[in-house]
Amino acid sequence: MREKTTIFQINGKPMLVPDAQVEVSYEDLDSGQTGRDESGVMHRYPVRYKVPCWSFTYEHLTEQEKQYMEGLFPDAATFSFTHPDRINAEKQQVTAAYRSKYSISWKNARTGLWSNYGFQIIGV
């Protein structure tokens, strides 16, 4: 089984080290009242700033690795996600989050290999 990392944790349990870079993006969320008026002027009503989204990808996983990763994610609306701080990556931060856009391909049923495992973790 591949190495685990404490840089990223789900409910205090370390994730497996991803194969590719971890992409982090941030999005401001606006209320439904945000929009342009009849003269074209934008009226923005933000409700949250810098909502984080982490994208993880794993090129290949064994059945054991897949089971470990899937066991990290609870059957619950949210979980605690430990990650580097946005400003100072040397500090750890814990955020309430949920998983979205999960996908995986069964590469070889005979050998139990999986590929293209990916998901996003989004801050609540």
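Everything that follows concerns the structure shown earlier in this document.
Given the structure is predicted, the values throughout are model-derived calculations rather than measurements.

Undergrad: Give me helix H1 (residues 63-72): which residues, what numbers.
TA: Where H1 is concerned, the buried positions are Glu65, Lys66, Tyr68, Met69 and Leu72. One face of H1 carries all of its buried residues, which in axial projection span an arc of 160 degrees. In this structure, the buried residues of H1 make contact with strand E1 (4-10), strand E2 (13-16), strand E6 (46-62), strand E8 (92-108) and strand E9 (113-123).

Undergrad: Could you give an account of the pattern of salt bridges, with specific residues and numbers?
TA: For the coordinates displayed, the defined rule picks out 6 salt bridges. Of the charged contacts in the structure, one is a salt bridge between Glu63 and Lys66, with a shortest N-O distance of 3.6 Å. With Glu63 and Lys66 both in helix H1 and 3 residues apart, the pair spans about one turn of that helix. A relative accessible area of 29% means that Glu63 is categorised as partly exposed. Given a relative accessible area of 15%, Lys66 falls into the buried group. Among the charged side chains, a network of salt bridges with common partners joins Arg2, Asp19 and Glu65.

Undergrad: Residues and numbers for the packing of aromatic side chains, please.
TA: For the structure on display, the rule yields 12 aromatic pairs. Seen from their ring centres, Phe8 and Phe56 are 5.1 Å apart, and the 90 degrees between their planes marks the pair as edge-to-face. Here Phe8 is found in strand E1, whereas its partner Phe56 is found in strand E6, with 48 residues between them in sequence. Both residues of the pair, Phe8 and Phe56, belong to the buried class. Sitting over the ring of Tyr26, Arg86 keeps its end group 5.9 Å from the ring centre. A cation over an aromatic ring shows up here: Arg99 above the ring of Phe119, its NZ or CZ 5.8 Å from the ring centre.

Conventions used here
Numbers given to residues run from 1 along each chain, matching the order in which its sequence is written. The predicted nature of this model means local features are confined to residues of pLDDT at least 70 and side-chain atom pairs, given and counted, to a pLDDT of 80 or more, with totals for whole chains, interfaces and linings taken over all residues. In computing side-chain properties, one takes all heavy atoms of the structure into account and sets aside hydrogens as well as water. For the exposure calls, accessible area comes from a 1.4 Å probe over protein chains only, and a residue counts as buried if that area is under 20% of its type's maximum, exposed if over 50%, partly exposed in between. Numbering of helices and strands starts at the N terminus; helices are DSSP runs of H or I of at least 4 residues and strands are runs of E of at least 2. Each direction from the helix axis to a C-beta atom contributes to the arc, which is the arc of those directions. Residues count as neighbours in contact if any of their non-hydrogen atoms are within 4.5 Å of one another. Salt bridge, as used here, is a side-chain nitrogen of Lys or Arg placed within 4 Å of a carboxyl oxygen of Asp or Glu. Here is the rule: rings of Phe, Tyr and Trp (six-membered ring for Trp) pair when centre to centre is within 6.5 Å. Planes less than 30 degrees apart are stacked, more than 60 are edge-to-face, and the remainder are tilted. In this scheme, Lys NZ or Arg CZ marks a charge over a ring once it lies within 6 Å of the ring centre and within 35 degrees of the ring normal.

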